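Geometric and topological summary
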Amino acid sequence: MAEATIDTVTSVPVAVVGAGPAGLMLAHRLGRAGVGTVVVDTRTRHGISTTQRAGILEADAARDLVETGVSDRVLREGHEHEGIELRFGGRPHRIDFKDLVGASVWLYPQTDVFTDLADARDRDGGTVLYGIRDTEVLDVTTDAPRVRCTAPDGTRHEIRARYVVGADGSRSMCRDLVPEERRVRYGKEYPFAWFGIMAEAPPSAAELVYAHSEHGFALISRRTDRVQRMYFQCAPDESVDAWPDDRIWETLQARVAGEDGFRLTEGPVLERTVLRFRSFVQEPMRWGSLALAGDAAHTVPPTGARGLNLALHDAKVLAHVLLRALGGEGDTALDDYQPRALRRIWRAQNFSSWMTRLLHTEPGGTPFDLRRRLGELENVAGTRAGRTYLAEQYTGWPTGA
Ligand code: DHB
């Protein structure tokens, strides 16, 4: 492959592999500072913009979208949420973020964040090659790394850069460029997955509902006034074909049922997907002229919606150190990336894993496990200290930049 004919050679300071939120936000931040990038992604623009992902932005991340000039659409079309509801023991328990920690979050789906970032690249004249194949990242241990790929029209591109950023998601090929004997991979698998649906129905609740029941976890989120996003815990090998609408609604209703008579408003299921997840971190996040960002370096279970926020935070810290590196400081500036990004990453790893274990039921769990978990939920929701802990973690941590 390396010997194949190259049709186009481009030179830019930074080549970015992956056009998700981490890659595009990084390109946007660098572009604002006058630093050129080429971003490449194997997926099509349509493919990325229609893949459902999480929906919660920390207030700082929403503000960054506005203040860095990506778009102010989040303020117009997003919804500010000042709390969430935990449901367990058949009762609702509100976690009031505003009252507890003076913070809020924004319900604004990742698909919208992507659309805003992709539109901003178009508007600002940034280059993004979607739908590419045969990607190669070469010479990352030199100061002249290159990315080669084939565009959808069959032309072979070479992007010569000073730095390459691997923002190529949870199945990253870039992270494999850190030699096996020089990297550590930390991870944890979970014995359950999420069954995610989009349903055509009016909202069932004003705020997000995180429900724990003896039957397992469910999350009631929303998208628009007419379309809702919901999830329920399922087996990792569950097949969507085994789930007609009736069975989905019966399962969701049983998980949110309670003495207050709460019921979800049902409607046709438009989309169904089984989402497998794990906890994962690779260190180091930088190898020579390569830096990893977002899911390529770390993934979290979806409970608490930290993944997108972490990706945007990586982009913020990395843009900052890349500008210093390119501005004359050289590679030593990049030494600051991992420590600044990693502190928040491990806090998020802890929170995501904790919230997952708090709300799900383990297959094969004993009656002791179930009752102990209810005790923990009472300790969290029933004390101001517990609610404050959850509110602080959910609404995010100070930036490391
Ligand atoms: C959504 C997803 C999450 O994982 C979460 O914790 C909250 C909301 C969502 O898709 O809306």
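Structural notes, computed from the coordinates. Every value quoted in this text rests on a predicted model; they were computed, and no experiment measured them.

1. Some details on the pattern of salt bridges
Per the stated rule, a full pass over the model turns up 38 salt bridges. One salt bridge connects Asp-41 with Arg-43, and the closest N-O pair in it is separated by 3.0 Å. According to the relative accessible area criterion, Arg-43 is partly exposed, its value standing at 35%. Salt-bridge contacts for Arg-133 lead to Asp-134; the nearest nitrogen and oxygen are separated by 3.9 Å. According to the relative accessible area criterion, Asp-134 is partly exposed, its value standing at 36%. Residues joined in a network through salt bridges with shared partners are Asp-139, Arg-146, Arg-148, Glu-158 and Arg-160.

2. Here's the deal with the packing of aromatic side chains
One pass over the structure, following the stated rule, counts 18 aromatic pairs. Aromatic pair Tyr-190 and Phe-192: ring centres 6.0 Å apart, planes at 35°, arrangement tilted. Taking 6.1 Å as the distance between ring centres and 80° as the angle between the ring planes, the aromatic pair formed by Trp-194 and Phe-277 counts as edge-to-face. Taken together, the residues Trp-194 in strand β15 (residues 193-200) and Phe-277 in the loop between β19 (269-275) and β20 (278-283) connect sequence positions 83 residues apart. Exposure remark for Trp-194: the relative accessible area of 2% places this residue in the buried category. Since its relative accessible area comes to 10%, Phe-277 is described here as buried. Lying across the ring of Tyr-163, Arg-162 places its NZ or CZ 4.3 Å from the centre. One residue, Arg-247, lies across the ring of Trp-243, its end atom 3.6 Å from the ring centre.

3. So, the pairing of β20
Each regular strand displays side chains that alternate between the two surfaces of the sheet. Counting buried residues in β20 gives five out of six residues, a clear majority hidden from the surface. As judged from the six bridges shared by strand β14 (residues 184-189) and β20, these two strands associate in the antiparallel manner. Pairing of Val-184 across the sheet is with Glu-283, part of β20. Strand direction decides the pairing type here: β20 and strand β23 (residues 298-299), joined by two bridges, are antiparallel. Following the sheet pairing, Val-281 is matched in β23 by His-298.

4. Here we look at the sheet that holds β20
Strand order in the open sheet made by the three strands is β14-β20-β23, with antiparallel pairing throughout. On the outer flanks of this sheet lie β14 and β23, each paired with one strand and no other.

5. Let's talk about helix α11 (residues 384-395)
Taking 1.5 Å per residue as the helical rise, α11 with its 12 residues ought to reach 16 Å, and the 16 Å between its terminal C-alpha atoms agrees with that figure. Of all the residues in α11, the buried ones are Gly-386, Thr-388, Leu-390, Ala-391, Gln-393, Tyr-394 and Thr-395. One or two positions beyond α11, positive phi appears at Gly-396, with a value near 105°.

6. Observations regarding the packing of helix α9 (residues 337-359) against α11
With their axes 10 Å apart at the nearest point, α9 and α11 run at an angle of 125° to one another. Relative to α11, the element α9 is oriented oblique. Handedness of the crossing formed by α9 with α11: left-handed. Contacts from Asn-350, Phe-351, Trp-354 and Met-355 in α9 reach Tyr-389, Leu-390, Gln-393 and Tyr-394 in α11. For the contact of α9 with α11, the per-class residue count stands at six nonpolar, two polar and no charged.

Thresholds, definitions, all that
Residues numbered from 1 in each chain as written. Predicted model: local features only at pLDDT ≥ 70, side-chain atom pairs only at ≥ 80, totals over all residues. Heavy atoms only, no water. Salt bridge = Lys/Arg side-chain N within 4 Å of Asp/Glu carboxyl O. Buried < 20%, exposed > 50% of the residue type's maximum accessible area, 1.4 Å probe, protein only. Phe/Tyr/Trp six-rings, centres within 6.5 Å; stacked < 30°, edge-to-face > 60°. Helix = DSSP H or I, 4+ residues; strand = E, 2+ residues; numbered from the N terminus. Lys NZ or Arg CZ within 6 Å of the ring centre and 35° of its normal. Pairing = 2+ DSSP bridges. Expected span 1.5 Å × (residues − 1). Axes fitted to C-alpha atoms, helices over the stretch in contact; angles between N-to-C directions. Parallel < 35°, antiparallel > 145°, perpendicular 65-115°, else oblique. Left-handed = near helix turned anticlockwise from the far one by under 90°. Contact = heavy atoms within 4.5 Å. Nonpolar A, V, L, I, M, F, W, Y, C, P; charged D, E, K, R; others polar.

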